[in-house]
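Next come the chains, spelled out residue by residue.
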Amino acid sequence: MAFAASISTTSHILSSGALPHKKKISSSRCSALSLLSRSSLFRTGLVSQWGRRDSACGRVSSSVKAVLLDESKEKVRLSKGDMWSIHKFGGTCVGSSERIKNVAEIIINDGSEGKLVVVSAMSKVTDMMYDLIYKAQSRDDSYIAAADAVFEKHRLTAMDLLGGDDLASFLSRLHHDVNNLKAMLRAIYIAGHATESFSDFVVGHGELWSAQMLSYVVRKSGLDCKWMDTREVLIVNPTSADQVDPDFVQSEKRLQEWFSRNPCKTIVATGFIASTPQNIPTTLKRDGSDFSAAIMAALLRARQVTIWTDVDGVFSADPRKVSDAVILRTLSYQEAWEMSYFGANVLHPRTIIPVMRYDIPIMIRNIFNLSSPGTMICRPTEDENEDGQKLGSPVKGFATIDNIALVNVEGTGMAGVPGTASAIFGAVKDVGANVIMISQASSEHSVCFAVPEKEVKAVADALQSRFRQALDAGRLSQVAIIPNCSILATVGQKMASTPGVSATLFNALAKANINVRAIAQGCSEHNITVVIKREDCIRALGAVHSRFYHSQTTIAMGIIGPGLIGGTLLDQLKDQAAVLKEEFNIDLRVMGITGSRRMLLSEVGIDLSRWRELIMEAGEVADMEKFTQHVHGNHFIPNTVFVDCTADSNVASCYYDWLRKGIHVITPNKKANSGPLDQYLKLRALQRQSYTHYFYEATVGAGLPIISTLRGLLETGDKILQIEGIFSGTLSYIFNNFIGAESFSEVVAQAKQAGYTEPDPRDDLSGTDVARKVIILARESGLKLELSDIPVQSLVPEPLRASASAEEFMKQLPQFDQDLAKERKEAEDAGDVLRYVGVVDVVKQEGRVELRRYKKDHPFSQLSGSDNIIAFTTTRYKEQPLIVRGPGAGAQVTAGGIFSDILRLASYLGAPS
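Residues numbered from 1 in each chain as written. Predicted model: local features only at pLDDT ≥ 70, side-chain atom pairs only at ≥ 80, totals over all residues. Heavy atoms only, no water.

Considering the pairing of strand β13 (residues 397-410)
Counting buried residues in β13 gives 12 out of 14 residues, a clear majority hidden from the surface. Judged from the 11 bridges that link them, β13 and strand β16 (residues 478-491) form a sheet pairing that is antiparallel. The partner of Asn408 across the bridge, within β16, is Ala480. Two elements, β13 and strand β15 (residues 446-452), share 7 bridges in a ladder whose sense is antiparallel. Each residue of the ladder has a partner; that of Asn408, found in β15, is Cys448. (Buried < 20%, exposed > 50% of the residue type's maximum accessible area, 1.4 Å probe, protein only. Helix = DSSP H or I, 4+ residues; strand = E, 2+ residues; numbered from the N terminus. Pairing = 2+ DSSP bridges.)

Take a look at the structure:
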């Protein structure tokens, strides 16, 4: 038999080559090895498993027997080509009797002329087999019970699937195999050690059993089906990197020999296992069953390989990290290779090599969702664009690797010195570390590379030792370690020679406030790799995926101050959320609402139809630090915005820290922009230096575009001369109605009754609010003024400024009506009207707030209700000022202005405009 020689070879490996040489082998170990080599297992057991033809493959037809008996007759030729289809079923697919039946049904329904099916061990069985070896060499007596559990799992499955002679035959074989395994494990138990080759032989039994059971089930349907122990066919050469290289010439020869003895149209083959050229059992290592299928496809020149799994195909990103990741209909071999190397759940890179050689496509299908078309990995076509990507998008997918450390070797002594890189990576090789990514600037001043975090200490120690003299002499300045990193890979074959891909990628990362620590791109341009902080990984992945795909721009929102303005905004968000999501791909998720006393937090987004009752039912004590951490700490959403709807200076003082953390800020709160000048300048400088946005349109004109108009003028090169306006909706209403015989106190009382004033009308009549708006516009225009620099004409009579309450103030206000009545009469006599205005005089570099008189044909005299009006006098609009007019007060228009800023932020972050 072909494998007879391997019995003694395996015994030799176990008894000599792989045992430690530092100590003399104990007598008990010698006894164990002697027992193992003398046992009937090694005399007959392996041959019964590897060499048995009739029982393992079913009854051999008389024609094949004739071939075996008379070698002079012509062998049965193995046809190759498109007649063959290859299927591979993983452990999950054959994890139970019911699933094995489903697999058999798929095989039976495949109309291909020839079918080769590669199967893994039943789910968890390979781990159970490794556990047997671990327990035996640890001298843990529970290995016997564990072996019985393996036996029982397969016995119960077989009893559910098979009957009659098939069941009896399989159970007899299973019982024999497990008894032999126990004898082997007993020898390992005594020796306290097992070689890799011996371990490979033990763990391969799971595939043997699943292949046999599946072949019996398929054969029951009447198909001509036999099972193949691929250790008789696949020959591989182990390499130094814990990998194996297929020997296609020898494997093809052995496949022909196997088929000559076992001609059939359906073959169920064991995955994962193979043999060395010396007929020693080995494995194709983890994910080896996919590799088995690819090798078999290459040997048969098959039409297609279908990898059956438990997902619908290959995703554009890990769906556990990016909720709107899409199934890719096609991938090129190179794209699949790149994505799998960087951790995507595609295929092992080795799997792709054999099929690329013959342009054999690989289909990834979901056995639990046969309606899903899956993903095809093949040579790309020119008109491929069906994955839901933006038109012409060159990026196919994204993958990440976590738990990475960067090693940076730098020093001026490296530049122009041949052999430095060789010495660095030679030291890394000596400790057996895997270099995942390398980056070096053209100055040769430094080399940085990424390694698994668990290997970085050994790498650092090796480099410190290797370059000790250079470090001491100062030729190298440091060997620095940057831990807690992740790698993000952007993959796409069409990236090659497409301008702007890198710009788009880095722009998306910058807008999500992600710092890139290292970059690498090969000249093939199929992959751009960046190293980022581990804590930023999911947020970065979401940001770049959103930018390159037609996925939603998702923003996590925290609403601060759910009072009149904030509550109105929440209601507007509720009414518009569905339209924004469906028509504009903008997903606004309110993750938290906080007032001064209570807050409401959610992991997925607050139901805005019930936010008022939820904050009462499920709210907790307000805690701004916890609120910030919760809303911004959701790594699945790359963008965070806080909307401050308060007038609280304490909340405004948080803006700087929020912006520094990458949290966008939108507010109608005037306190930050009208507060101390140094704090304002610090805040604006931070905003300009980062991609974090700070929008405050509603601070001046509620829903009117005052700030944006001013910026538009300045950015287009216009020069502001003066800004003059009626900035208070309350005071606009009061002076629009302060006509005829109405007294000032009566008009103020009417405004208060109508809800136009603050609870205490002095807050409006003092002019402070208007002064804050003036200082904001002055600073936007480039003036460096403090609030105290603005002279304000207060409409609160001096004696009433210290009144104990608003009621007391309103009671005494009529006593002072005559002053303003006199001023009104003088204005009317001159054909004028009174208006309370704020002025920014850029030429004189000053601002003021005062009561002014205007002719009745002046635009400021034409107002009604609570409208605001602002006039921009500039070098372009000198003779006829640019006028902005409209409602300047009220919860609806103010909330609308805030909402407009939110949508502007979404547009900046990538939403369609």
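Still more to cover.
Notes on helix α11 (residues 205-220)
Relative to the 22 Å expected for 16 residues at 1.5 Å per residue, α11 spans 23 Å between its end C-alpha atoms, a close match to the ideal helical length. With respect to burial, α11 is a largely interior element, 14 of its 16 residues being buried. (Expected span 1.5 Å × (residues − 1).)

Observations regarding the packing of aromatic side chains
Under the defined criterion, the tally for this structure stands at 15 aromatic pairs. Look at Phe735 and Phe738: their rings are 6.1 Å apart centre to centre, the planes differ by 80°, and that puts the pair in the edge-to-face class. A single burial state applies to Phe735 and to Phe738, both of which are buried. By way of ring pairs, the aromatic residues Phe627, Phe642, Tyr655, Trp658, Tyr694 and Tyr696 are connected into one cluster. Stacked on the ring of Tyr680, the Lys or Arg Arg779 has its end atom at 5.1 Å from the ring centre. (Phe/Tyr/Trp six-rings, centres within 6.5 Å; stacked < 30°, edge-to-face > 60°. Lys NZ or Arg CZ within 6 Å of the ring centre and 35° of its normal.)

Focus: the side chain of Asn639
Along the chain, the position of Asn639 falls in strand β23 (residues 639-644). Within the structure, the side chain of Asn639 is placed 3.5 Å from the backbone oxygen of Thr554, a separation counted as a polar contact. (Polar contact = N/O pair within 3.5 Å; in protein donor to acceptor, adjacent residues only side chain to side chain.)

As for the sheet that holds strand β26 (residues 720-726)
Pairing is antiparallel in the open sheet, where 5 strands are placed in the order β28-β27-β26-β29-β30. Two strands lie at the open edges of the sheet, namely β28 (846-855) and β30 (882-887), each paired on one side alone. Taken over all neighbouring pairs, the strand axes of this sheet differ in orientation by 20° on average, direction set aside. Note that strand β29 (residues 867-874) and β30 share 6 bridges and pair antiparallel. Counted as the bridge partner of Asn868 is Gly886 from β30. Strands in contact with helix α30 (residues 729-737) are β26, β27 (832-841), β28 and β29; relative to β27, the strand with the most contacts, it is inclined by about 155°. (Axes fitted to C-alpha atoms, helices over the stretch in contact; angles between N-to-C directions. Contact = heavy atoms within 4.5 Å.)

Describing the sheet that holds strand β17 (residues 516-521)
Here we have 6 strands laid out as an open sheet, ordered β14-β15-β13-β16-β18-β17, and antiparallel in their pairing. Edge positions in the sheet fall to β14 (437-440) and β17, since each has one partner strand and no second. For this sheet, the mean angle separating the axes of adjacent strands, direction not counted, is 30°. With respect to the sheet, helix α14 (residues 333-341) is in contact with β13, β16 and β18 (527-533), its orientation differing from that of β13 by roughly 60°.

Some details on a nonpolar patch on the surface
Residues Trp337, Tyr341 and Ile353 make up a contiguous nonpolar surface patch of roughly 280 Å² in combined accessible area. On the basis of relative accessibility, which here comes to 37%, the residue Tyr341 falls in the partly exposed class. (Patch = residues over 30% accessible without salt bridge, like charges linked within 9 Å, V, L, I, M, F, W, Y side chains within 5 Å. Areas by Shrake-Rupley, 256 points an atom, 1.4 Å probe, with all protein chains shown as cover. Salt bridge = Lys/Arg side-chain N within 4 Å of Asp/Glu carboxyl O.)

Read these as spatial facts, not as claims about activity.
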